[in-house]
Amino acid sequence: MEVFTSVKSLRIFLDQQLSHQKTIGLIPTMGALHEGHISLIDASVKENDITVCSIFVNPVQFNNPEDLLKYPRTLEADCQMLEKAGCDAVFAPSVEEMYPEPPLLTMNFGALENVMEGASRPGHFNGVGIVVSRLFNIARPHHAYFGQKDLQQVSVIKRLITDLAFDLKLVVCPTVRETDGLAMSSRNRRLNDEERNTAPYIYQILSAAKEELLRGRDIWEVTAAAQGRFAAIGSFTLDYLEVVDIKTLQPIQELGPEGSNAICVATFLGPVRLIDNLIF
Ligand code: AMP
């Protein structure tokens, strides 16, 4: 496995691969890798000749300086996991390498970003759109892999690919969970023991709410009950809990066909903000 820190060296490597008609899979990440990320690498290794994982904590997508500062950075351990998983190349640029100049361009995904993460983290999807576009242009992948855990991000990137005519296929991979149901996340490392023991309630509350919805209970009632359950567990500070249409991401009053609904949550647990969702 090769580790590249400059755009130029990665491009030279990938030019060679492309000249030999190799297919390229790209997995954009912010590092502090876990089995969730590795499931994306596994999918790419199966489908492509060359798998490239980018590791870049993108300042443009953080609107909270403390979150950016405290974001875990574990490049050496990440590289070991990637090598073991059969990844061919890591792209780990510095901020100056990724942004020789602060981008002037801004991106706005309209209705897709006026809800949930976009509403709570103004400018977040501008940063995501810019960094992912740069990575697509640098790596020129045939396939790009993203996790369902970041449901809104998937919708935004689908739209980015359509709007800018990126010639690649987006592959969405299911959320990988700990055995107690907690969605794997780089931010889980920042939880103390007590918070870590409380964190699985997120999945439990979402799952129970989903079951009630499938039994036909009113969306408003179920949402209010789930919000109440979060409030009853003192250490959660709920940001949002919504039942949405997975295409539009807008809140719904009635369930659509199977597979078109999602229950989405963002909550602080102590100082750490966690998100999760279930599609049904
Ligand atoms: P991040 O490093 O958090 O930006 O995530 C990089 C990619 O990994 C994104 O496409 C995420 O959606 C995906 N990802 C993060 N956590 C998980 C998980 N638990 N299961 C599957 N994919 C994940």
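Not measured: the values here are computed from a predicted model.

Peer 1: Could you clarify how one ought to interpret the packing of helix α1 (residues 7-19) against helix α7 (residues 124-139) in this entry?
Peer 2: Relative orientation of the contacting elements α1 and α7 amounts to 45 degrees, with a least axis distance of 9 Å. In terms of orientation, α1 and α7 fall into the oblique class. Contacts between α1 and α7 involve V7, L10, R11 and L14 from the former and N137, I138 and A139 from the latter. Here the residues of the contact of α1 with α7 sort into five nonpolar, one polar and one charged.

Peer 1: Would you mind going over the state of the cysteines with me for this structure?
Peer 2: Defined simply, a disulfide is a covalent bond joining two cysteines at their sulfur atoms. Inspection of every chain in the model, using the stated rule, returns zero disulfides. Lacking any disulfide linkage, C53 is separated from the closest cysteine sulfur, that of C87, by 5.4 Å. Note on C79: no disulfide assigned, nearest cysteine sulfur contributed by C53 at a separation of 8.6 Å. Given a relative accessible area of 14%, C79 falls into the buried group.

Peer 1: Can you walk me through the domain arrangement of the protein in this structure?
Peer 2: The accessible area lost on association of the parts is a frequent measure of interface size. Domain annotation for the protein reports domain 1 (2-173) and domain 2 (186-275). Of note, the centres of domain 1 and domain 2, computed from C-alpha atoms alone, are 26 Å apart. Where domain 1 abuts domain 2, roughly 1,700 Å² becomes buried across the two surfaces, and 53% of that area is made up of carbon and sulfur atoms. When the buried surface of domain 1 facing domain 2 is broken down by residue, M116, E117 and L151 rank first, second and third, together holding 31% of it. Here domain 1 and domain 2 share three salt bridges between them. E117 serves as the salt-bridge partner of R273, at 2.8 Å between the closest nitrogen and oxygen. Among the elements of the structure, α3 (65-70), α6 (116-120) and α8 (151-163) are those that each provide at least two residues to the side of domain 1 that touches domain 2.

Peer 1: Mind showing me how you'd approach the pairing of strand β2 (residues 24-29) here?
Peer 2: Working note: regular strand, side chains alternate between the two faces of the sheet. Of all six residues in β2, six are buried; the element is thus mostly enclosed. Strand direction decides the pairing type here: β2 and strand β3 (residues 50-55), joined by six bridges, are parallel. Looking at the pairing, I24 lines up with I50 of β3. In this region the chain leaves β2, passes through helix α2 (residues 35-47) and returns to the parallel neighbour β3; the handedness of that crossover is right-handed. In the sheet, β2 pairs with strand β5 (residues 143-147) via two bridges, with the strands oriented parallel. The partner of G25 across the bridge, within β5, is H143.

Peer 1: Hey, could you run me through the sheet that holds strand β8 (residues 261-269) in this one?
Peer 2: Whether parallel or antiparallel, the strands of a sheet pair through hydrogen bonds between backbone atoms. Pairing is antiparallel across the open sheet formed by three strands, whose spatial order is β7-β8-β9. On the outer flanks of this sheet lie β7 (236-245) and β9 (272-279), each paired with one strand and no other. Looking at each pair of strands side by side, their axes are set apart by 15 degrees on average, direction ignored. Taken strand by strand, helix α10 (residues 201-214) contacts β7, β8 and β9, and its axis lies near 30 degrees from that of β9.

The rules we used
Residues numbered from 1 in each chain as written. Predicted model: local features only at pLDDT ≥ 70, side-chain atom pairs only at ≥ 80, totals over all residues. Heavy atoms only, no water. Axes fitted to C-alpha atoms, helices over the stretch in contact; angles between N-to-C directions. Helix = DSSP H or I, 4+ residues; strand = E, 2+ residues; numbered from the N terminus. Parallel < 35°, antiparallel > 145°, perpendicular 65-115°, else oblique. Contact = heavy atoms within 4.5 Å. Nonpolar A, V, L, I, M, F, W, Y, C, P; charged D, E, K, R; others polar. Disulfide = S-S within 2.5 Å. Buried < 20%, exposed > 50% of the residue type's maximum accessible area, 1.4 Å probe, protein only. Domains from an automatic or database assignment. Buried area = accessible area lost by both parts, 1.4 Å probe. Salt bridge = Lys/Arg side-chain N within 4 Å of Asp/Glu carboxyl O. Pairing = 2+ DSSP bridges. Right-handed = clockwise from strand over helix to strand, strands pointing away.

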